[in-house]
Amino acid sequence: MQTSADIVMSPPDALAAAGAADDVARTLSTQLRSSARDYVSLAKPRIIVLLLITEVATMFIAARGIPSVALLFWAALGGALASGGSGAINCWYDRDIDRVMARTCSRPLPSGRILPWKALTFGVSLIAASVVVFSLAVNTLAALLALGGALFYVFIYTMLLKRRTPLNIVIGGAAGAFPPLVGWAAVQGNVGWPAFVL
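Residues numbered from 1 in each chain as written. Predicted model: local features only at pLDDT ≥ 70, side-chain atom pairs only at ≥ 80, totals over all residues. Heavy atoms only, no water.

A. Molecular detail of the packing of aromatic side chains. Within this structure, the stated rule accounts for five aromatic pairs. An angle of 70° between the planes, with centres 5.0 Å apart, marks the rings of Tyr39 and Phe122 as edge-to-face. You can see Tyr39 sitting in helix H1 (residues 11-42) and its partner Phe122 sitting in helix H5 (residues 116-138), a full 83 residues away along the chain. The partly exposed category is assigned to Tyr39, whose relative accessible area is 21%. Residue classification places Phe122 among the partly exposed residues on the basis of a relative accessible area of 23%. Both rings, one in Trp92 and one in Tyr93, keep their centres 6.2 Å apart while their planes meet at 55°; by these two values the pair is tilted. Relative accessible area serves as the criterion here: at 19%, Trp92 is assigned to the buried category. Given a relative accessible area of 27%, Tyr93 falls into the partly exposed group. (Phe/Tyr/Trp six-rings, centres within 6.5 Å; stacked < 30°, edge-to-face > 60°. Helix = DSSP H or I, 4+ residues; strand = E, 2+ residues; numbered from the N terminus. Buried < 20%, exposed > 50% of the residue type's maximum accessible area, 1.4 Å probe, protein only.)

Written out as structure tokens, the structure is:
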């Protein structure tokens, strides 16, 4: 009876097997990169950058100088997670109208590259991670303000206003006022009048 130890591949068979394994590895690598790009796009990275600029700039003003590098890092990470999570939920909610617009029909959800429940889970997970990061590494007030900004964007702007009134940008834009409040709270531990002015 022949055992696996007795079976020896001929050089051409071994080369074919190695080539097939390389093909599988390349395919998996390509799929992972593509999937990662899709999830990053759900988080709306350009909006994240704009919101982080206002959050971090406010931190410098609140500190009247340069805040600690650790505080800047954790506050920026928490802010990016909150913004990315609310952006992903916005994409999840708007997938039906994104499907019919030429500008948005190729996005991950309307094109079917990401399943709706996965996008929603991704968004909620990012917001939850933001609250954890702010609570553990910054402070509770910053965590609550970041959560408030994310919830305002999701429920007030995305679900309540966006499809009902042209004023959605004006009123919904208030979500963009949260990052300065978060930045101030991260440094000062409170929300004073300068933060509201910013």
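B. Structural detail: the packing of helix H3 (residues 69-93) against helix H6 (residues 140-161). The interhelical angle for the contact between H3 and H6, taken along N-to-C directions, is 20°, at an axis separation of 9 Å. Overall, the two elements H3 and H6 adopt an arrangement that is roughly parallel. Classified by chirality, the crossing of H6 by H3 is right-handed. Residues Ala82, Ser86, Gly87, Ile89, Asn90, Trp92 and Tyr93 of H3 touch H6, and the partners they reach there are Ala146, Ala150, Tyr153, Val154, Tyr157, Thr158 and Met159. Of the residues belonging to the contact of H3 with H6, the class tally is 10 nonpolar, four polar and no charged. (Axes fitted to C-alpha atoms, helices over the stretch in contact; angles between N-to-C directions. Parallel < 35°, antiparallel > 145°, perpendicular 65-115°, else oblique. Left-handed = near helix turned anticlockwise from the far one by under 90°. Contact = heavy atoms within 4.5 Å. Nonpolar A, V, L, I, M, F, W, Y, C, P; charged D, E, K, R; others polar.)

C. How the structure looks around the nonpolar core. One finds Met59, Ala75, Phe134, Val138, Ala142 and Val182 to be the most contacted residues of the largest nonpolar core, which totals 18 residues. A per-element tally of this core places helix H8 (residues 178-188) first, with five residues. Residues Ala88, Cys91, Ile114 and Ile127 belong to the second largest nonpolar core, which totals 11 residues. (Core = buried A, V, L, I, M, F, W, Y, C linked by side-chain atoms within 4.5 Å.)

D. Here's a closer look at the pattern of salt bridges. Enumeration over the complete set of coordinates arrives at five salt bridges. Two residues, Asp38 and Arg113, come together in a salt bridge whose shortest N-O distance is 3.0 Å. With Asp38 in helix H1 and Arg113 in the loop between helix H4 (95-98) and H5, this pair connects stretches of sequence that are 75 residues apart. Assessed through its relative accessible area of 9%, Asp38 is described here as buried. Among the residues examined, Arg113 registers a relative accessible area of 44% and is labelled partly exposed. (Salt bridge = Lys/Arg side-chain N within 4 Å of Asp/Glu carboxyl O.)

E. Local environment of the environment of Ala129. Relative to the helices and strands, Ala129 is located in helix H5. The sequence separation of Ala129 and Gly78 amounts to 51 residues, and the corresponding C-alpha distance is 7.6 Å.

F. Examining unusual backbone geometry more closely. Phi is positive for Lys44, which is not a glycine, with a value near 55°. Structurally, Lys44 can be placed in the loop between H1 and helix H2 (45-63). Its identity as a non-glycine residue notwithstanding, Arg64 has a phi of 50°, on the positive side. Here Arg64 is to be found in the loop between H2 and H3.

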